[in-house]
Structure formats: structure tokens, C-alpha cells
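Architecture at a glance
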Amino acid sequence: MRVVHYVNQFFGGLGGEEKAGAPLGSREGAVGPGKLLEQLLGIDAQVVLTLICGDNYAVEDQESMIAAALQKVRAANADLFVAGPCFLAGRYGMAAGALCSVVQSKLSIPVIAAMAKENPGADLYREMLYIVDSGDNAAKMQDALTRLASLAKKLIDKKVVGLPKEEGYIPRGLIRDQFVEKTAAQRLVEMVLAKVKEEPFESEMMPTAFAPVPMPPGIKDLKKARLMLITDGGLVPKGNPDKIQGSAATRWGSYNIKDCADLSGDDYEISHGGYDPQFVRQDPDRLVPLDVMRDLEREGVVGELYDEFLSTSGLANPLSNTRRMGREMAEKAKRLGIDAIILTST
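Residues numbered from 1 in each chain as written. Predicted model: local features only at pLDDT ≥ 70, side-chain atom pairs only at ≥ 80, totals over all residues. Heavy atoms only, no water.

Another point: the packing of aromatic side chains. Any aromatic ring pair is given by two values, namely how distant the centres are and how the planes are angled relative to each other. Within the structure shown, the criterion is met by seven aromatic pairs. Between F10 and F11, the ring centres sit 5.1 Å apart and the planes meet at 85°, which makes this aromatic pair edge-to-face. Judged by its relative accessible area of 17%, F11 is buried. Through a chain of ring-to-ring contacts, three or more aromatic side chains come together here, namely Y6, F10, F11, F87 and Y92. Directly above the aromatic system of Y130 lies the positively charged group of R172, at a separation of 4.4 Å from the ring centroid. (Phe/Tyr/Trp six-rings, centres within 6.5 Å; stacked < 30°, edge-to-face > 60°. Buried < 20%, exposed > 50% of the residue type's maximum accessible area, 1.4 Å probe, protein only. Lys NZ or Arg CZ within 6 Å of the ring centre and 35° of its normal.)

In spatial order, the strands read β2-β3-β1-β4-β5-β6; together these six strands make up an open sheet with mixed pairing. Of all strands in the sheet, those with a lone pairing partner are β2 (25-28) and β6 (131-133), marking the two edges. Strand after strand, the sheet turns through a mean of 20° between neighbouring axes, direction not considered. With four bridges joining them, strand β1 (residues 2-8) and strand β4 (residues 80-83) adopt parallel strand pairing. Note that in β4 the partner of H5 across the bridge is V82. Each of β1, β3 (46-53) and β4 is contacted by helix α1 (residues 33-41), which is oriented at about 150° to β1, the strand it contacts most. (Pairing = 2+ DSSP bridges. Helix = DSSP H or I, 4+ residues; strand = E, 2+ residues; numbered from the N terminus. Axes fitted to C-alpha atoms, helices over the stretch in contact; angles between N-to-C directions. Contact = heavy atoms within 4.5 Å.)

Turning next to the nonpolar core. Note on soluble globular proteins: their nonpolar side chains tend to be buried together. Residues Y6, M65, F81 and I112 are the most contacted members of the largest nonpolar core, which totals 60 residues. At eight residues, the largest contribution of residues to this core is made by helix α4 (residues 90-107). With residues near it in sequence (within four places) discarded, F81 still touches V4, Y6, L51, V73, L99, C100, V103, I109, P110, V111 and I112. Of all hydrophobic cores here, the second largest spans 20 residues; its members include I257, V280, L287 and L290. (Core = buried A, V, L, I, M, F, W, Y, C linked by side-chain atoms within 4.5 Å.)

This structure, assessed with the given rule, holds 11 salt bridges. Across the pair D295 and R298 runs a salt bridge whose closest N-O atoms are separated by 2.3 Å. Taken together, the residues span about one helical turn, with D295 and R298 both in helix α10 (residues 290-298) at a distance of three residues. Judged by its relative accessible area of 33%, D295 falls in the partly exposed class. The partner of R324 in a salt bridge is E328, with the nearest N and O atoms 3.0 Å apart. Separated by four residues within a single helix, R324 and E328 lie in helix α11 (residues 319-335), roughly one turn from each other. Under the relative-accessibility criterion, E328 is labelled partly exposed at 29%. (Salt bridge = Lys/Arg side-chain N within 4 Å of Asp/Glu carboxyl O.)

Let us look at the environment of V189. The residue V189 is located in helix α8 (residues 184-196) in this model. Owing to a relative accessible area of 48%, V189 belongs among the partly exposed residues under this scheme. The sequence separation of V189 and G233 amounts to 44 residues, and the corresponding C-alpha distance is 45 Å.

When two helices pack together, their arrangement is given by the angle between the helix axes and by the axis-to-axis distance. Across the interface, α1 lies against helix α6 (residues 141-156) with an axial gap of 9 Å and an inter-helix angle of 45°. Judged by the inter-axis angle, α1 sits oblique to α6. Viewed along their axes, α1 and α6 form a crossing whose handedness is right-handed. Listed contacts from α6 to P33, L36, L37, L40 and L41 of α1 are M141, Q142, L145, T146, L148, A149, A152 and K153. For the contact of α1 with α6, the per-class residue count stands at 10 nonpolar, two polar and one charged. (Parallel < 35°, antiparallel > 145°, perpendicular 65-115°, else oblique. Left-handed = near helix turned anticlockwise from the far one by under 90°. Nonpolar A, V, L, I, M, F, W, Y, C, P; charged D, E, K, R; others polar.)

This brings us to the state of the cysteines. A covalent bond bridging the sulfur atoms of two cysteines is what the word disulfide describes. Going through the model one piece at a time under the given rule, you end up with zero disulfides. Residue C53 stays outside any disulfide, its sulfur separated by 12 Å from that of C86, the closest cysteine. Unpaired in terms of disulfides, C86 finds its nearest cysteine sulfur in C100, a separation of 8.2 Å. For C86, a relative accessible area of 2% puts it in the buried group. (Disulfide = S-S within 2.5 Å.)

Attention now moves to the layout of surface pockets. Here the largest pocket defines a volume of roughly 1800 Å³. Forming the walls of the largest pocket are 34 residues, and the residues nearest its centre are P164, P171, E204, M205 and M206. Listed by contribution, the elements that provide at least two residues to the lining of the largest pocket are α7 (164-167), α8 and α11. Here the lining of the largest pocket is built from residues that sort into 15 nonpolar, six polar and 13 charged. Estimates place the volume of the second largest pocket at around 560 Å³. Around the second largest pocket sit 17 residues that line it, and V213, P214, P216, G326 and A330 are the ones nearest its centre. Broken down by secondary-structure element, the contributors of at least two residues to the lining of the second largest pocket are α11 and β12 (340-344). Ranked by residue count, the leading element in the lining of the second largest pocket is α11, at five residues. (1 Å grid on protein atoms, 1.4 Å probe; cavity = no way out; pocket = protein on both sides within 12 Å on 5 of 7 lines; lining within 4 Å. Points joined across faces, edges and corners; volume = space filled by probe spheres on them.)

In short, shape yes, function no, at least from these values alone.
Below, the structure is given as C-alpha cells:
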């Protein structure tokens, strides 16, 4: 069995964040975690090629990275493609998921990735891929690779893959038909009774859980308040300097509006799919209402508008990723002493 393994700059031995811009490269044979993977896959398996790419390059130049990687996987005559484990590294997970999905669709060979459930790549690609739950840090490397190797063997041998909790992969949200001894009504009553008795039970359909967010106190005096504008509608300066993706964005930008009272369509563009942006291109104030806020500032209705606005794209973004970006934006606002934020969407 010929295996191609994808890793980022850290696990590929190039370095840390200072090498995150490294373009796609390759080495013959197993590198880093690939050596353990090769052992766990058995004597008939060989990691013939390791693809290594910096996390920044992988997400900023994703199309060219994937095109180059696809050529290398095809030339290696691979029987299996593996990516990760990525743990909680979001850029790594996004790149691994994107690459696995393309290899699977274009080359029709088994693919498998490993990352933490909270990795944004897991939310985005779990329905189309088998993604082993790696846990959140590299201390769990051996456990993650052991589960990955076991599942990979089943995929190669075209054996029936069991349920997520049995095989160790992240639930894909797929419903399978199967014969059971008890009807749905009987199982439901048993779960209700167990819940009433405070006994353990396992639901057959786990709902998405959202942590409660308490409402903050209102602004006592708007005339003294410092406000900030944030949008998830994808408004960015021409050229998109931060390379914010139009879908499943992994980053956000902060853009200067000091001494500016009106946004011009000549200076901005939209990096966001899913809605018709022509009206925002005509007048960006329709999305980021700078003109109205400057009027309120001059009239003394609000104290001060911060001289930058924050922007990202909210399209098809996993909750884990949006929560991370939200925390980063909130931390910036706190450091700047912002009293309130006006968040606009599309």
C-alpha cells in the first residue's frame, strides 16, 4: 500500500510560525508523525511521499497549493492519502480538509484526516470525510494515529465502517438504516424515564448546544461612549490585503477610517459569497454605516467612533471558527476601551 502524507511546517520539521509562509514542498518517505503512521499501518504499507506546506501559504494560496499537491499525489500512484493529525491548529485543519476532499473527488482513492472536534476544519469537512478525533494536543499523537491507521485499513480493504464512537471518527451527521429490537416509541419512553430518574442515557440524535450569552448592561451615556463598527459582510479594501476568504474565512482585518466620513466603492470590494454585493459596491456605507455614524458623532449623540472598522466573511463558517474570531475581536475592543460595538451583517 502506497501512502502519501500531508503535514504542516511544524510537523514537517521546517520550523514554527516563522515558517508558516513556506510553499508546498515534498520529501520522499515518511517524515515526523508519518514514521509512526507507517509502523501502525503494517508491513505492507509504505509512506512513499510526505507533502509539507506552511499553514499561512496553505490557506492564502489554497488553489495553487491543492493543484500542486494533486499532481504529486497522482504521480506517486498513491493508494491512500492521509492528512494530519492537526489537533487544534485551525489553518492546518482547513488545509487538510480541503486537500482531502479534492484528492477524494479527483483521484477516487481513500482519504482520511485527523484533527480535534473543535478544529474549524472538522466542522467544515466532517460530512464528506472520515476525520479521526485527534484530541486537542500532540501529547495524544499515538492514540490519534492508532485510530487513524485502524480506520484507514478498513477503508483500503473496503470493509464496513462502524459507528463514530466505535471507530473513533468525528460524527458525520449521516443517518443509517439498521434493524433494532425496540421501536422508536419504546426507546423514547426508556430515555424519558431514565432522565426523570437521573439515570444515564444516550440520545440517538444529539442537538447542537449553544452556551448562554448574558446580555451586557446598556450604555449609560452614549454622548461619552466610544463605539466600533464590525461587519461579517466581507467588506475589504481593494486587493483584499489580508486575503480574507469569501467562504469559511479563517481571519479578519482591521481597516483605517480615520478622517474619513464616507466610504467609496472605488476603494473597497466584497470578499463574501451568498448575496448580491452590487448595492454595497455602489455605496459601502450600506454595509458599514460610517456616514451615519459620523453624523451622530458631529451631533454629539455618540462620543467617539473608533478610527478603524473590523471585517470578515461569515459565509459557511464553522461555529468553532467564528467563536475564535469573535473572541479575538472582543479582546481587541477591550484593549482599546470600546464601550459598544455595532455589528452589521447581510
